[in-house]
Structures are given as C-alpha cells and as structure tokens.
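Here's the letter readout for the chains.
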Amino acid sequence: MASLNPFRLSISSSVNADSSNNNDATPSKTKWQRVWPIFACGAGLYSDGYLNGVIGQVGAMLAKIYPAEYKGSRAQSNVSSIAFAGTVIGQLVFGYVADQYSRKLAMTVSAGILIVMAALCTGSYGAGGNVEGLFTMLVACRFFLGIGIGGEYPAGSVAAAEATGEVKSGTRNRWFILFTNFAIDVGFVVAAFVPLVWIYIHTQWRISLGFGIIPPFALFFLRLRLQEPEQTKKNSMANTRTPYLLVIKYYWFRLTLVSLIWFIYDFSVYSAGIYSATILNQVVGDNNMITAFGWNVVINLFYIPGSFLGCFVSDWIGPRYCLILGLSLQALSGFLMTAFYGTLATPSHIAGFVVIYGLFLTFGELGPGDNIGILASKTSATPIRGQYYGIAAATGKVGAFVGTYIFPIIIKNAGGTGTTRGNQAPFWVSSCLCVLSAGLAMFLPEIGQDTIEKEDREFRAYLERSGWDVRQLGSRKVDVEVVGVMEEREEKTE
C-alpha cells in the first residue's frame, strides 16, 4: 500500500514525535496559533447545521412558488432526505481516507465537495426552464452535498480532537465542542434566520442555499496551511496494512456502545420536528410564512444555551458524566412534557409549551449533542480513529433516518395526531431512550485531558502483545534516522 499512496505523511518533523506527549500547551505558540487549527478542522460542521437546516425552509418556499409541481411530488421528500444517504456514504469513505492517507487530504476534499455542490444546488436549473429538471438537479446535487457533509465528521472532527493537544490542559473539550457541535447549532440558527431576511425576494431559496458556500470556501484555504500533529504522524498506519482483526477484537465493544448511543440520540431527537410543527400550528393560524419562519428561529435558538454550557461542563466533570447528566435532564423534561401535554399544547399555554420543549432541546445539546463526538474521537487510537468515528457517526445518521419514519407510526398507533395520547407517545419513547443511553454510557471509559496520548500508548502495547510489529507505525524512514542519531551520540560518548 505504501508505494501506491501518493499522499504519504510528511517525515520532516516526526523525529521529535516523542516530545509531543505534553500535559500543557506548547509555550512557544500564541493562543491563536494553538486554537486556529481546531477551528479550521472542526468548523466545517457548521455546513452540516446550515445546509441541512435551511432545506426545510427552502422546501416551504418551493411549495409556495411551484404549488402544482412540488407539493405531493417525489422531489418534495427527496430534496430533504437524499442528503442523509450521501452523508452516511461520506462518513464511511472519508473515515477510511483520513486513516489510510491523511486527515488534511480528507478535510480539504470534503470542503471542496461542499463548495462545488452548494454552488450547484444554488444554481439548479432544468433544461429550457423545465421545473421537473430543476427538482431533479437539486436532488442529485443534494446527494453529493451529503457526501461532503459526511466527510466533515470523521476527517474534521477527528483532526480537531487531535489538534486540542496543543491547547491548555483543562480547556481541551470546550475548544473541541465550540468548533464542532456548537458550530452545527449556530448553523441551524442561521439557517432559520436567513430565509426570514430574504422572505420578500422571489429567488430567496437560491439566496438561502448560496450562503452555504461561504464557510467551506473560507475553511478550504485555511486547511491548505494545516500541519498534522506529531502524535498523529507518529502513530499513523497510512504507510502499512491495518490489522483489522486485531482492531475489531480490541474495539468492538466500545464502538458498539458509542454507535448505539449516537443511534438512539439521533433517532429520538427527530421527534423534535413533530413538536416544532405543533408549536407553529398553535401560533400561526393565518398561514403566514413570516410568522412561521420567525417562530422557527426561536425554536432553533434553544439549541444554543445547552450547547454553550456543555462546552465548559464537559471539561469540569468529563464528557462521559456530562453526557449522562444531559440525558438524565432531557429525560426528566420529556416526562414533564408528557405528563402536562394536554394542558400545555393549547393556545393559552403556548409559552409554557415552548419553555419545556426548549429545555428538552437544550439538555439534549448539553449531553449527547456536545459529548458524543468527543467520545467517538477519543475512545479509539490514532491509526483507526477516522474509521471508528465514521462508523459511529454513520450509525447515528441511520438512526435519524429511521426516526423520521418510525415516529409517525408511533403516533398513529397511540391514537393519532388528533389525540393527546398520540402526541404524548414520542416524548415517552424519547425519554425512555434517554434513560437507556445514560445506562449504556456508564460502560464507556472515562475521557481525560490526555486521553489521546494514553489511548495510543495502550493500543501500541496491545499490538506488541499480539505480535504485530509496531515499528510499522508512522514513518519507517524517521525510525531509521532516529536510530542513526542515537548511534552517533553513543559513539561520541564512548
């Protein structure tokens, strides 16, 4: 594989790789020099929040502009859902690329895909002005856009987690969350706000999609300047064959837990969409799109406080306990919503409905929203971290896709949307799943500030015990150079 890999890791600075295992930030660097690589790696997930969040409003605009062609058509469901399929593919493919080639290559390519496909979505056009052709192009571009979004998870998030080793110990989790999950949530808020600003322009759906081009375009050039951390270069398997049987034997249980928690979270959180619609139906009685979009901004704003608070709580008590805390509070708010749904879901008590519903969203971000990415990126070793993260994230997206189909069935079987019991059912299910996820999280390892270095040492020791030649890790040429330097020093000493 080494001879076929045109993107081999740089070996010029790997000689001093052993010096990278420090408990604090490199003192010779400024704070910005230590933080900007985390931003460049992780902030691409803003595009996930924005481009996935804005498509709901874009769909509403298209339905208003093309009522006969769009409403009830296959395109109406495909425009929003097809990106899920692309995202899963991107997460799996780019996880492999990040491990077998480099994080930088995977991040740069995914950003390039986001730029091109967001531009093509914006300019979607049917031959001769054909509306069906416009929808077909938009659906096709959304699929490939999903691949670019999926690539940001195993490439960008993993690289961001590894880059946190450069910042001060005790603050590493907050910087990771700030530029990953918090960026996603900001993307959702901006996605809700932009269509509201351009509501009176006939082509506002194109403007809304076009704003998604700007962030990956800026990050693309930042990523060209990135250098991978020494810890990553030292422990990469980019230049050798990955012993997958040994990897599965060592990580199967941990990966299963992380994937299940991610699946359950994304599965249950999509019930939020049902209650978003309920709020809008209660408040908006005159089919006013401006009012509907305005309330959508308010709903999305509830993600922000939980996500921001989680940045700090994760450092204070650790990602595992922060995850459990958030899940427990989310379950409690869900049970409260279920118990008082009949009273709250009325026009006279809509404020109380919004507050409790908002707490449900906030606690979800405080717990699994902020911390599942840390757990996925720091409970595995460097050589397979991209693929490990990609599998867990893809499982989560599958859970989200399944949830969009299962929850309507749950509501129907409980009595239907016209009954209190039917609308209570998703909150019962979501709250119970929160309790289950909290229980599963108890079996995960504790994540400390230096877990990446510790995990790499333990995995290397496991490979040695299993008879695998650990000299294949990193760059073999660097190992030879280091041996030569040591021999020269020994000769001078003699």
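Residues numbered from 1 in each chain as written. Predicted model: local features only at pLDDT ≥ 70, side-chain atom pairs only at ≥ 80, totals over all residues. Heavy atoms only, no water.

Chemist: Please clarify how the overall build of the protein chain should be interpreted in this entry.
Modeler: Looking only at helices and strands, the protein chain has 22 helices and 0 strands in total. Partitioning the intrachain contacts of the protein chain with sequence separation of at least 6 by distance along the chain shows that 86% fall at a separation of at least 24. Carbon and sulfur atoms make up 65% of the accessible area of the protein chain, which totals about 20,900 Å². (Helix = DSSP H or I, 4+ residues; strand = E, 2+ residues; numbered from the N terminus. Contact = heavy atoms within 4.5 Å. Areas by Shrake-Rupley, 256 points an atom, 1.4 Å probe, with all protein chains shown as cover.)

Chemist: Just to check I follow, could you spell out the packing of helix α5 (residues 103-122) against helix α6 (residues 131-163) for this structure?
Modeler: Two measures define how a pair of helices packs: the angle their axes make with one another and the distance between the axes. As a packed pair, α5 and α6 sit with axes 8 Å apart at the nearest point and diverge in direction by 150°. Between α5 and α6, the angle falls in the class roughly antiparallel. Handedness of the α5/α6 crossing: left-handed. Residue composition of the contact of α5 with α6, grouped by class: 19 nonpolar, 4 polar and 4 charged. (Axes fitted to C-alpha atoms, helices over the stretch in contact; angles between N-to-C directions. Parallel < 35°, antiparallel > 145°, perpendicular 65-115°, else oblique. Left-handed = near helix turned anticlockwise from the far one by under 90°. Nonpolar A, V, L, I, M, F, W, Y, C, P; charged D, E, K, R; others polar.)

Chemist: Would you take a moment to explain the pattern of salt bridges for this structure?
Modeler: If the charged atoms of two oppositely charged side chains come close together, the side chains can form a pair. For the structure shown, the criterion picks out 12 salt bridges. The partner of R471 in a salt bridge is D469, with the nearest N and O atoms 3.0 Å apart. The exposure class of D469 is partly exposed, given its relative accessible area of 31%. Through salt bridges with shared partners, a single ionic network connects D99, R103, E162, R385 and D456. (Salt bridge = Lys/Arg side-chain N within 4 Å of Asp/Glu carboxyl O. Buried < 20%, exposed > 50% of the residue type's maximum accessible area, 1.4 Å probe, protein only.)

Chemist: Which parts of the structure should I look at to understand the environment of I356?
Modeler: Inspection of the secondary structure assignment puts I356 in helix α18 (residues 350-378). For the pair I356 and F340, spaced 16 residues apart in the sequence, the C-alpha separation amounts to 10.0 Å.

Chemist: Just checking my understanding: could you explain the packing of aromatic side chains for this structure?
Modeler: How two aromatic rings sit relative to each other is set out by the distance from centre to centre and by the angle between their planes. Going through the model one piece at a time under the given rule, you end up with 28 aromatic pairs. The interplanar angle of 90° and the centroid separation of 4.9 Å between the aromatic rings of F360 and F427 together place this pair among those described as edge-to-face. Taken together, the positions of F360 in helix α18 and F427 in helix α20 (residues 420-441) put the pair 67 residues apart, joining distant regions of the chain. With relative accessibility at 3%, the residue F360 sits in the buried group. Grouping aromatic residues by their ring pairs yields a cluster made of Y250, Y251, Y388, F459 and Y462. (Phe/Tyr/Trp six-rings, centres within 6.5 Å; stacked < 30°, edge-to-face > 60°.)

Honestly, it's all geometry; don't read function into it.
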